Amino acid sequence: GAGVSQTPSNKVTEKGKYVELRCDPISGHTALYWYRQSLGQGPEFLIYFQGTGAADDSGLPNDRFFAVRPEGSVSTLKIQRTERGDSAMYLCASSLGTSGANVLTFGAGSRLTVL
Amino acid sequence: QKEVEQDPGPLSVPEGAIVSLNCTYSNSAFQYFMWYRQYSRKGPELLMYTYSSGNKEDGRFTAQVDKSSKYISLFIRDSQPSDSATYLCAMTARGRGANNLFFGTGTRLTVIP
């Protein structure tokens, strides 16, 4: 596609529920990133995929968070047993991933609210 | 201490003013420096990108990097109401494993007509 597409744009859920957030990167971009942005803060790195594999998941806060990219394109961020502290904007970005410049193109984000 | 420090503002200026936005950082391995603009309820969009030290100009925007002081700046000349947004600095190191950006908290700018 022309840009990075994220769905849903807004998700409201109850504490303890399971949530999936989807990211469709720019066609041809091999690198895909998930970031989390809390209100009034800059984005914080969660996980990075190069192709189908998670090359760096050091930013995932705990084992309730998991992400997959089974065919090297669309990625899903999965959050189990959601907590109120998980409320944030979840941003996906993609890049060509062929240089150290890491010029990322971000999607509009999925805003998660955990009640 | 955070790796990247940025004054969150908010910053309000009259239309036509020169705006100066700044970030400091602690990791001397950072080599690539970016400024992103983020409108309300949108994802960040890349505004300027600079490698290592020096200046880069693009229209009304100038990015400066001073690696010796670990200090970067973004200048906006002849500011317009459409420049009202949050400006995020971001940076990353070079080489293997340097795959994620470190962001500042963002400075919220309002340009008053």
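Residues numbered from 1 in each chain as written. Chains lettered and ligands numbered in written order. Predicted model: local features only at pLDDT ≥ 70, side-chain atom pairs only at ≥ 80, totals over all residues. Heavy atoms only, no water.

Draft legend 1. Representation of the side chain of Asp56 of chain A in the model. Following the sequence through the fold, Asp56 of chain A ends up in strand 6 (residues 53-56). Among the polar contacts made by the side chain of Asp56 of chain A, one reaches the side chain of Ser58 of chain A at a distance of 2.7 Å. (Helix = DSSP H or I, 4+ residues; strand = E, 2+ residues; numbered from the N terminus. Polar contact = N/O pair within 3.5 Å; in protein donor to acceptor, adjacent residues only side chain to side chain.)

Draft legend 2. Broad picture of the state of the cysteines. The full count for this structure, using the stated rule, is two disulfides over all chains. A disulfide bridge connects Cys23 of chain A with Cys92 of chain A, and the sulfur atoms are separated by 1.9 Å. Where Cys23 of chain A bonds to Cys92 of chain A through sulfur, the torsion about that S-S bond is close to -70 degrees, and the disulfide is left-handed. Of this pair, Cys23 of chain A sits in strand 3 (residues 19-24) while Cys92 of chain A sits in strand 9 (residues 88-95), and the two are 69 residues apart along the sequence. The pair formed by Cys23 of chain A and Cys92 of chain A is uniform in burial state, with each residue classed as buried. Cys23 of chain B shares a disulfide with Cys89 of chain B; S-S distance 2.0 Å. Residues Cys23 of chain B and Cys89 of chain B are joined by a disulfide whose S-S torsion is about -100 degrees; by sign, that bridge is left-handed. Of this pair, Cys23 of chain B sits in strand 3 (residues 19-25) while Cys89 of chain B sits in strand 9 (residues 85-93); the two residues are 66 residues apart in sequence, bridging distant segments of the chain. Like Cys89 of chain B, Cys23 of chain B is buried. (Disulfide = S-S within 2.5 Å. Buried < 20%, exposed > 50% of the residue type's maximum accessible area, 1.4 Å probe, protein only.)

Everything listed here is a matter of coordinates, which is why it stays silent on function.
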